[in-house]
Amino acid sequence: MRIATWNINSVTARLPRLLAWLESSGTDVLCVQELKCTPAQFPHEELRALGYEAAVNAVGRWNGVAVISRAGLDDVVTGLPGGPVYEDAEEPRAVAATCGPVRVWSVYVPNGREVDHPHFAYKLRWLEALRAAVAEDAAGGRPFAVLGDYNVAPTDDDVWDRSAFEGATHVTPAERAALADLREAGLSDVVPRPLKYDHPFTYWDYRQLGFPKNRGMRIDLVYGNAPFAKAASDAYVDREERKGKGASDHAPVVVDLDV
DNA sequence: ATGGCTGGCTCCGCCAGA
């Protein structure tokens, strides 16, 4: 089974690439983030034509996540149980589904903006709620993973230049401690191999030639429980998908599972 | 070929992304 996560930065703008990539990659289960669409705008019909169904959590302009599967779609949970609100809104940042032998969450962790911004405290509360929500599945015997855009670089090797991130979000001890809490709950970082260069970056800013200069970050993560990690036979970043006109600023992370 | 932001929305600038 081939499973992947990809921040597509608008499902509407990315639809041709999304459909083409699903077909060319042979992905069975794809967790997507940043749909930027209303429920009515989600392309269920186009996906169904390729044999996929989708569990969607979206409300409009910002955020939005989905699990797209051709391996089954059961026991859907929409939204993060016990998750915090931001400015009185429950943002669409999580959706879960069981796809055949595997259960997955597709998550879009809040960005945080600045370390002294209310959004940063919201980010930490969100990650704590995520840990609580997935603890039971993380400790269970069924292959389980939380895939998505975590907006945290787990180590200094996961950014192109640590000195460029002084005082910035995504690299702070508090954010990394939240990831450590997830690992404590029974999940491990299924680190992909890069298809080029030394670091398996998953995101490159659109600005200032970020991609050609490989000024990237590894912030799209696959955190799997022990049965999931054991079943993983390969994992890689499909950086080819970051190339060309109409690319997302994130590349897909792909995991092959023997299940 | 991988090229100096992009997408969506309320409207022709602004916010958010990280």
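Each value, and the rule that gives it
- Residues numbered from 1 in each chain as written.
- Chains lettered and ligands numbered in written order.
- Predicted model: local features only at pLDDT ≥ 70, side-chain atom pairs only at ≥ 80, totals over all residues.
- Heavy atoms only, no water.
- Near = heavy atom within 4 Å.
- Polar contact = N/O pair within 3.5 Å; in protein donor to acceptor, adjacent residues only side chain to side chain.
- Helix = DSSP H or I, 4+ residues; strand = E, 2+ residues; numbered from the N terminus.
- Nonpolar A, V, L, I, M, F, W, Y, C, P; charged D, E, K, R; others polar.
- Core = buried A, V, L, I, M, F, W, Y, C linked by side-chain atoms within 4.5 Å.
- Buried < 20%, exposed > 50% of the residue type's maximum accessible area, 1.4 Å probe, protein only.
- Contact = heavy atoms within 4.5 Å.
- Pairing = 2+ DSSP bridges.
- Right-handed = clockwise from strand over helix to strand, strands pointing away.

**What to know about the protein's contact with DNA strand B**
- Neighbouring residues of DNA strand B: 29 residues in total, closest Ser 10, Arg 61, Asn 111, Lys 196 and Gln 208.
- When the atoms of DNA strand B within 4 Å of the protein are sorted by group, sugar and phosphate make up 67%.
- Arg 14 places a side-chain nitrogen or oxygen 3.4 Å from a phosphate oxygen of DNA strand B.
- Considering every element that reaches the surface near DNA strand B, the biggest residue donor is helix H1 (residues 11-25), with three residues.
- The residue makeup of the surface near DNA strand B, split by class, is eleven nonpolar, ten polar and eight charged.

**Here we look at the nonpolar core**
- Counting residues in hydrophobic clusters, the biggest one holds 28 residues, and the most contacted among them are Ile 3, Val 67, Val 104, Val 222, Phe 228 and Val 255.
- At the level of elements, strand E2 (29-33), strand E4 (65-69), strand E6 (94-99), strand E7 (102-108), strand E8 (144-149), helix H5 (226-231), strand E13 (232-237) and strand E14 (253-257) are the ones that each hand at least two residues to this core.
- The contact partners of Val 67, leaving out residues within four places of it in the chain, are Val 29, Leu 30, Cys 31, Glu 53, Ala 54, Ala 55, Leu 73, Val 95, Ala 97, Cys 99, Val 104 and Ser 106.
- Of all hydrophobic cores here, the second largest spans 24 residues; its members include Tyr 86, Ala 129, Leu 187 and Leu 221.

**Let's talk about the pairing of E8**
- Within E8, six of the six residues are buried, which leaves the element mostly enclosed by the surrounding structure.
- Judged from the six bridges that link them, E7 and E8 form a sheet pairing that is parallel. The partner of Val 104 across the bridge, within E8, is Ala 145.
- The handedness of the E7 to E8 crossover, carried by helix H3 (residues 118-138), is right-handed.
- As judged from the five bridges shared by E8 and strand E12 (residues 220-224), these two strands associate in the antiparallel manner.

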